[in-house]
Amino acid sequence: MKRSQRLQSIVELHVLQEKDALQVMGRCQQHLQEQQKQLEHLKVYRQEYLAKLADRQQLGMNVSQLLEFRAFAEKLDKAIEGQRQAVLVQEREFQRAQSKWEERHQRTKSLEKLNEIAVADELKLENKREQNEQDARAARSARKDGANSA
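The text that follows walks through the structure, step by step, so that each part is easy to find. Note that the structure is predicted; figures quoted are calculated from it, not measured. Counting of residues starts from 1 at the beginning of each chain's written sequence and follows it residue by residue. Residues qualify for local features only when their pLDDT is at least 70, as the model is predicted, and side-chain atom pairs are given and counted only at 80 or more; totals for whole chains, interfaces and linings, by contrast, use all residues. By convention in this description, side-chain values take in all heavy atoms of the structure and omit both hydrogens and water.

Attention shifts here to the nonpolar core. What makes a nonpolar core is a set of buried Ala, Val, Leu, Ile, Met, Phe, Trp, Tyr and Cys residues whose side-chain atoms join them at distances within 4.5 Å. Note on exposure labels: buried denotes an accessible area under 20% of the residue type's maximum, exposed denotes more than 50%, and partly exposed covers the range between, all computed with a 1.4 Å probe on protein chains only. Of all hydrophobic cores here, the largest spans 11 residues; its members are Ala21, Met25, Cys28, Leu32, Leu39, Leu42, Ile80, Val87, Phe94, Ala97 and Trp101. Going along the chain from the N terminus, every DSSP run of H or I of four or more residues is numbered as a helix, and every run of E of two or more is numbered as a strand. The set of elements that each furnish at least two residues to this core consists of helix H1 (3-59) and helix H2 (63-149). What Leu42 contacts, discounting residues up to four positions off in sequence, is Ala79, Ile80 and Gln83. Core analysis: the second largest hydrophobic core is formed by 5 residues, Tyr49, Phe69, Ala73 and Leu76 among them. Only heavy atoms enter the contact rule, under which two residues are in contact if any of them lie within 4.5 Å.

Turning next to H1. Helix length check: H1, at 57 residues, gives a terminal C-alpha distance of 84 Å against a target of 84 Å (1.5 Å per residue), a fit within 8%. Two residues or fewer past H1, Gly60 is found with a positive phi of approximately 100 degrees. Helix span, as expected, comes to 1.5 Å for every residue beyond the first.

Structure follows, in structure tokens:
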């Protein structure tokens, strides 16, 4: 088996690994976007809730209602902080997946280049071999012609 054929098998394997890494990166990016969207929803809900609290305070409310609103607002703040942490974790996962894909992509490109060089070297060697055979046939033919003339 030629070197280029062996390299091509390795390139194909690395192309599959790169494709898998790209799919993992895509899933991580999708999860990150979902986590970010959930965080944004929590923030919007908190703003709406605090606006509702302000409206209710304008109308007047008793102390227990105020304490309930504030307790729930604190729970929202904790949920938002927890979601921020989830977003950070997912960002790190995405960055890891992206780095792995970039590494695989570079490796695949390097192997493809190496394979191109091997193919070019094999072609040069084959052309040189064919040229040597043609030169040898021409020399034999010239000797036969020279021997037949004498």
